[in-house]
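Listed here are the chains, written in short residue letters.
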Amino acid sequence: MIKRPKPQKFRLRRTMMFMNAQKPGLIKDAYIYGADSIILDLEDAVAENQKDAARFSLYQALQNVDYGDTEVIVRINGLDTPHWQEDIRCVVAGGADGIRIAKCESAQDVLTVEEHVLAAEREFGVEEGRTLLMAALESPKGILNAYEIVTASDRMFGCAISGGDFRKSMHVQIEEGGIEMLSARGQMLLAARAAGVQCFDTMFPYLDDTEGFQAEVIQNRKMGFDGKSVINPKQIRFVHETFAPTPKEIAYAEKLVRSFNEQAESGVGVYTVDGKMVDIPFFEDARRVIALAKACGVYKGDL
Amino acid sequence: MKNAVNREIPEELLKDGKEVYQGKYYMDGKYIKRDSPKTRRYVKPQSSKLCSSIRKACERCGAHDGMTVSFHSEFREGDYVASMVAKVLVEEMGLKDITIAATSLGNAQDLIADYIEQGKVIGIQTSGVRGRIGEVISAGKLATPAIIRSHGGRPRAVEAGEVHIDIAFLAASTSDCWGNAKGVGGKNNCGSMGFAIHDSHYADHTVIITDTLVDFPNRPSSISAENVDCVCVVDSIGDATKIATKEARVTENPRELMMAEHAAEVIAATPYFTDGFSFQTGAGGPSLAVNRFIEKRMVEKGIKMSFALGGVTSAVCQLLDKGLVGAILDTQDFDMGAIKHLAEHPKHHEISMSEYANPANKGAYVNQLDFVVLSALEIDVDFNVNVITGSDGILRGAPGGHPDTAAGSKCCIIVTPLTRGRMATVCDEVVTVTTPGDCVDILVTDYGIAVNPLRNDLAQCLDAAGIEHVTIEWLRDKAYSLVGTPDALEWEDQVVAVVEARDGTLLDVVRKIRPLQLDG
């Protein structure tokens with residue numbers, strides 16, 4: 001039996017790769033592709049009459065496959081289905097790191113899931129509070145309630161927009177440039193940052209449209225997302241490269257941190273670096289960039 | 001006696017100058033007296049070399065009991081000719097004690113398995129054995145042990161006189177009535193006839209078998225009429241759909257793509273990845289995909305490949321068309337695009353198997369190779385590779401140019417998934433050694449990369465490039481932890497096949513498999 005270490009609420013989650021929990025061939029070693037997190041899906045990927053089989057396969061995988069450092073999240077069925085309660089028992093008993101709440105629309109949804117997670121943790125002797133939560137926002141209502149959703153529980157590490165359902169409810173299609181989801185993405189990002197949790201963009205469904213995919217990933221980074229859902233291993237590398245700080249950003253951050261250490265000793269608060277005025281928040285951000293660069297494995301300096 | 005890859009070679013095989021394998025350069029610098037064919041003189045003018053039937057050609061070439069005949073395998077699974085000729089020899093002419101020396105044998109030659117079982121065919125010398133022939137040999141039904149040679153080892157053995165071909169029956173896509181023959185321009189095209197050329201030089205007799213007779217002179221030709229005794233025209237020499245695919249497609253399998261990308265990273269991290277480097281890949285899933293990933297890196301670095309070697313696919317041809325490859329040296333073609341390209345492009349050259357890989361000539365092209373990317377059925381912790389026997393011990397593979405390119409190249413990369421089904425690919429000891437570990441440099445699997453400890457220089461290159469690698473023992477342990485440690489195979493004493501190293505020394509033997517007995 002594999003014993004997974006206690007999940008970290010805040011960690012690197014540039015990519016969260018979806019895969020059908022019912023497919024042993026896929027989930028047996030999904031970690032080899034290097035996604036930061038994998039999401040084993042009990043919801044849309046699994047046919048209605050196969051939910052039990054998928055839970056069985058999921059439980060065996062959680063118990064027997066060593067996923068190492070890769071985070072293992074399970075997407076459970078929506079709260080409007082007859083499946084989600086049993087899904088939660090299976091996830092907690094198996095020892096997954098967290099649950100992705102599908103179609104989350106309110107703080108109450110989170111509280112309902114949390115209540116059942118806690119009950120399952122007690123039932124199976126799992127450390128209380130171990131199982132993390134994230135919310136998938138799939139409707140206008142979910143987006144409008146984003147802040148109350150992500151602040152509803154201490155277990156909540158972030159939220160993601162789910163583009164398929166969201167676009168349908170808004171009567172829009174995927175557009176070049178992403179204007180159809182611009183305000184939703186923006187609003188969700190604001191809520192997540194205000195609550196101090198992470199924020200993830202939806203998956204890009206056209207596997208052969210490399211240009212469209214890359215444009216969306218670059219936009220995701222510019223908007224401030226922490227990561228993105230992916231549906232195929234070949235999407236991982238570009239997301240990781242794009243979300244890693246650039247050599248230029250790292251060099252500037254290093255310069256800021258070093259100069260701050262020097263200036264702080266001589267009692268200076270505000271000064272200029274490369275002709276630009278900088279103060280405390282800049283250094284905090286510079287430290288974040290260095291930490292992210294380290295986590296992404298692209299930092300070669302000595303800070 | 002144990003050889004340099006720790007395999008026990010039975011003493012009875014060490015006769016007539018046969019030695020055990022003693023390292024990849026053991027024969028370097030030694031001299032060899034080349035064998036020569038006994039050829040018939042055609043002084044009196046004749047209007048044509050056409051024969052009305054294969055049987056007539058056989059009779060004219062003095063077909064007899066106990067002879068050795070050869071076939072080439074450029075038509076792969078689509079080949080009709082080997083079976084057609086074997087049937088004439090055995091069923092029409094009633095000949096026996098025949099030895100078949102083919103460049104490879106597979107499902108298309110299943111009929112020959114019957115002749116082995118009947119005792120009509122008593123010897124098999126080949127690079128590959130697949131299908132029923134492999135099964136009957138493994139069952140101990142061939143009168144003498146089969147001899148497995150690499151693509152380079154075969155012309156070496158022919159030149160050394162270790163196999164003397166009485167009649168070479170060479171399928172050709174087109175021929176004129178005089179025997180100028182090639183692999184393009186006909187109804188069933190194979191492209192390069194590099195596997196056949198050397199036989200036409202060393203066989204006592206050569207018979208061309210074609211389904212497309214063209215006007216004289218069919219030039220430029222792969223096989224020259226000066227070496228041809230007879231030409232036979234048949235309805236069809238093969239099944240075009242099984243000779244070559246329309247286009248060897250790059251895999252969509254994410255696992256294979258990932259391994260290919262890692263192999264390309266490894267290549268780019270070595271000092272050999274500079275302008276003018278040379279490269280060979282096969283047509284297997286990951287190795288074909290490596291093409292695409294190194295293209296990207298060549299463009300980024302602004303470098304070109306001087307030549308691509310060996311088996312050719314459209315993917316390599318497209319690189320040449322884009323100006324990224326200087327020349328293609330082609331031994332065989334895997335798809336229609338490559339066949340067409342060979343016929344049309346002046347920098348796409350057909351080469352013989354001997355030019356390609358023979359370790360006993362004055363320097364085969366494999367010795368000029370920087371990189372080769374190969375697959376493996378198994379690889380052990382000493383980096384020995386098996387590509388001939390399955391996990392059940394049955395012959396079902398082909399070394400082909402594997403041992404030759406591995407030995408000749410500066411950097412030999414094996415790409416293979418860590419497990420296949422329930423079988424561990426990385427293991428303690430391979431069933432059969434076909435490529436010795438001293439020729440293999442880097443292993444890329446889906447679970448990690450390992451560098452042969454003999455190549456610490458390459459390990460340092462990977463470190464410098466930030467490419468993580470592990471020991472091969474770590475990969476073996478991982479494989480066994482996933483699928484379990486297999487029990488050893490059980491063998492009878494009878495040797496059913498001998499695996500020759502490319503230099504002619506003995507690398508390994510394959511014994512008859514002992515049928516599984518269930519307890520109780």
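Note that the structure is predicted; figures quoted are calculated from it, not measured.

Within chain A, the regular secondary structure consists of twelve helices and ten strands. A compact globule built from 303 residues should have a C-alpha radius of gyration of about 19 Å, and chain A, at 20 Å, falls within 12% of that. Dimensions of chain A, computed from C-alpha atoms along their principal axes, come out at roughly 65 × 45 × 35 Å. Within chain A, the proportion of its 303 residues that are buried is 43%. Pairs at least 24 residues apart make up 69% of the contacts formed inside chain A by residues separated by at least 6 positions.

This paragraph deals with the overall build of chain B. Check the secondary structure of chain B and you find 15 helices and 25 strands. A compact globule built from 520 residues would reach a C-alpha radius of gyration of about 24 Å, and chain B, at 23 Å, matches this within 12%. C-alpha atoms of chain B, sized along the principal axes, occupy 70 × 65 × 45 Å. If you take every contact in chain B between residues at least 6 apart in sequence, the share linking residues at least 24 apart comes to 74%.

Residue and element names in this part refer to chain B. Strand order in the open sheet made by the three strands is β17-β16-β21, with mixed pairing throughout. Each of the sheet's edge strands pairs with one partner strand only, and the pair in question is β17 (385-386) and β21 (426-427). Alignment of strand β16 (residues 378-380) against β17, held across two bridges, turns out to be antiparallel. Bridge pairing in β17 links Ile379 to Val385.

At the junction of the two partners, chain A supplies five residues and chain B supplies five residues. A class-by-class count of the residues in the side of chain A that touches chain B yields three nonpolar, one polar and one charged.

This part takes up the sheet that holds strand β6 (residues 156-161) of chain A. Residue and element names in this part refer to chain A. Strand order in the closed barrel made by the eight strands is β1-β2-β3-β4-β5-β6-β7-β8, with parallel pairing throughout. The average undirected angle you get between the axes of adjacent strands in this sheet is 25°. In terms of strand pairing, strand β1 (residues 15-20) meets strand β8 (residues 227-230) through three bridges, oriented parallel. Of the residues in β8, the one forming a bridge with Met17 is Val230.

This next bit is on the nonpolar core. Core analysis: the biggest nonpolar cluster contains 239 residues, and Ala135, Cys159 and Met188 of chain A together with Ile209, Ala263 and Ile413 of chain B have the highest contact counts within it. Tallying contributions element by element places helix α8 (residues 254-269) of chain B first for this core, with nine residues. Excluding residues that lie within four positions of it along the chain, Ala263 of chain B makes contacts with Pro286, Val290, Val373, Ile413, Val415 and Val444 of chain B.

This part is about the domain arrangement of chain B. Residues and elements named next belong to chain B. Looking at the assigned domains, one finds that chain B contains domain 1 (48-243) and domain 2 (254-483). The partner domain 2 presents 33 residues to the 30 residues of domain 1 that form the contact. Taken together, the elements giving at least two residues each to the side of domain 1 that touches domain 2 come down to α4 (131-138), α5 (153-159) and α6 (194-202). Partitioning the side of domain 1 that touches domain 2 into residue classes produces ten nonpolar, 14 polar and six charged.

All names here are of chain B. Residue Phe216 is joined to Pro217 through a cis peptide bond whose omega torsion reads -5°. Structurally, Pro217 can be placed in the loop between β9 (205-210) and β10 (230-233). A cis geometry characterises the amide bond from Arg219 onward to Pro220, with omega recorded as -10°. Turning to its location among the elements, Pro220 is positioned in the loop between β9 and β10. Phi angles above zero are rare outside glycine, and Arg76 is one such case at about 45°. Checked against the element boundaries, Arg76 lands in the loop between β2 (68-71) and α2 (81-92). Despite not being glycine, Phe383 shows a phi value in the positive range, around 70°. Within the secondary structure, Phe383 sits in the loop between β16 and β17.

Criteria and thresholds
Residues numbered from 1 in each chain as written. Chains lettered and ligands numbered in written order. Predicted model: local features only at pLDDT ≥ 70, side-chain atom pairs only at ≥ 80, totals over all residues. Helix = DSSP H or I, 4+ residues; strand = E, 2+ residues; numbered from the N terminus. Rg over C-alpha atoms; globule rule 2.2 N^0.38 Å. Buried ≥ 20, exposed ≤ 12 C-beta atoms within 10 Å, placed from the backbone. Contact = placed C-beta atoms within 7 Å. Pairing = 2+ DSSP bridges. Nonpolar A, V, L, I, M, F, W, Y, C, P; charged D, E, K, R; others polar. Axes fitted to C-alpha atoms, helices over the stretch in contact; angles between N-to-C directions. Core = buried A, V, L, I, M, F, W, Y, C linked by C-beta atoms within 7 Å. Domains from an automatic or database assignment.

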